[in-house]
Amino acid sequence: MLAFAGLLGSAGYILAYLFDDFMERSGARFLAIPWISCILWGAAYYQWMVAIAAYTIQWKYDRLDIHLDRGDAYWFSYISTTTVGLGDIFLEPEGINGPDVFIFSM
């Protein structure tokens, strides 16, 4: 477990270094500033969770005629993207088909 955490930390460091280097070479040096980069990636993550929540609301309504409110859908997207997966909100197996496996795993 600790070795995997170390591997993830190294991968994150390498990707951050490559991103900073790319931004500096492309003339967008301000995006390599740590606090600006943190805001950028935080906003991108928030938008991704909102997109997952919106898709989940539509998915549950179309497939199972279940009305899921935005708060619960956002909670589902948060626990899914952070891989916590508490199980309090989940995708019902009877509504899942082949493409859903790929869509929800992105």
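To keep things clear, this report deals only with the structure shown in the data block. (Residues numbered from 1 in each chain as written. Predicted model: local features only at pLDDT ≥ 70, side-chain atom pairs only at ≥ 80, totals over all residues. Heavy atoms only, no water.)

Side note on the overall build of the protein chain
- Per the secondary structure count, the protein chain includes four helices and zero strands.
- Ordered by position from N to C terminus, the α and β elements of the protein chain give α-α-α-α.
- Over its C-alpha trace the protein chain gives a radius of gyration of 18 Å, far above what one expects of a compact globule, namely 13 Å for 106 residues.
- Taken over the C-alpha atoms alone, the protein chain extends approximately 50 × 35 × 25 Å along its principal axes.
- When contacts within the protein chain are restricted to residue pairs at least 6 apart in sequence, long-range pairs at least 24 apart make up 50% of them.
- Total accessible area computed for the protein chain in this model is approximately 7,900 Å², and 69% of it derives from carbon and sulfur atoms.
- Mean positive and mean negative side-chain charge positions of the protein chain (5 and 11 charges, respectively) differ by 10 Å. (Helix = DSSP H or I, 4+ residues; strand = E, 2+ residues; numbered from the N terminus. Rg over C-alpha atoms; globule rule 2.2 N^0.38 Å. Contact = heavy atoms within 4.5 Å. Areas by Shrake-Rupley, 256 points an atom, 1.4 Å probe, with all protein chains shown as cover. Lys, Arg positive; Asp, Glu negative; His and termini not counted. Charge placed at Lys NZ, Arg CZ, Asp CG, Glu CD.)

With respect to a nonpolar patch on the surface
- Judged by side-chain polarity, Y13, I14, L15, Y17 and L18 come together as a nonpolar surface patch covering roughly 610 Å² of accessible area.
- Mapped onto the elements, L15 comes out in helix α1 (residues 2-25). (Patch = residues over 30% accessible without salt bridge, like charges linked within 9 Å, V, L, I, M, F, W, Y side chains within 5 Å. Salt bridge = Lys/Arg side-chain N within 4 Å of Asp/Glu carboxyl O.)

Topic: unusual backbone geometry
- Of note, D65 is a non-glycine position whose phi angle comes to about 55°, a positive value.
- With respect to the secondary-structure elements, D65 resides in the loop between α2 (34-64) and α3 (70-81).
- Overall, the relative accessible area of 53% leaves D65 in the exposed class. (Buried < 20%, exposed > 50% of the residue type's maximum accessible area, 1.4 Å probe, protein only.)

Comments concerning the pattern of salt bridges
- What the rule picks out here adds up to two salt bridges.
- A salt bridge links D21 to R25, with the nearest nitrogen and oxygen atoms 2.9 Å apart. One end of the pair, D21, and the other, R25, are both in helix α1, four residues apart, so they sit about a helical turn from each other.
- Of the residues examined, D21 reaches a relative accessible area of 25% and is grouped as partly exposed.
- Assessed through its relative accessible area of 71%, R25 is described here as exposed.
- The partner of K60 in a salt bridge is E92, and the shortest N-O contact between them spans 2.8 Å. Of this pair, K60 sits in helix α2 while E92 sits in the loop between α3 and α4 (98-105), and the two are 32 residues apart along the sequence. Just as K60 is buried, E92 falls in that class too.

Quick look at the environment of L91
- Along the chain, L91 turns up in the loop between α3 and α4.
- The spacing of L91 and A53 is 38 residues in sequence and 12 Å in space, taken between C-alpha atoms.
- Residues in contact with L91, not counting those within four places in the same chain, are T56, W59, F76, I96 and F104.

Examining the packing of α2 against α3
- At a minimum axis distance of 8 Å, the contact between α2 and α3 shows a crossing angle of 120°. Here α2 is positioned oblique relative to α3, judged by the angle of their axes. Considering how the two elements wind past one another, α2 and α3 form a crossing that is right-handed. The residues of α3 that touch α2, namely those facing Y45, Y46, W48, M49, V50, I52, A53, T56 and I57, are R70, A73, Y74, F76, S77, Y78 and T81.
- Of the residues that constitute the contact of α2 with α3, the class distribution is twelve nonpolar, three polar and one charged. (Axes fitted to C-alpha atoms, helices over the stretch in contact; angles between N-to-C directions. Parallel < 35°, antiparallel > 145°, perpendicular 65-115°, else oblique. Left-handed = near helix turned anticlockwise from the far one by under 90°. Nonpolar A, V, L, I, M, F, W, Y, C, P; charged D, E, K, R; others polar.)

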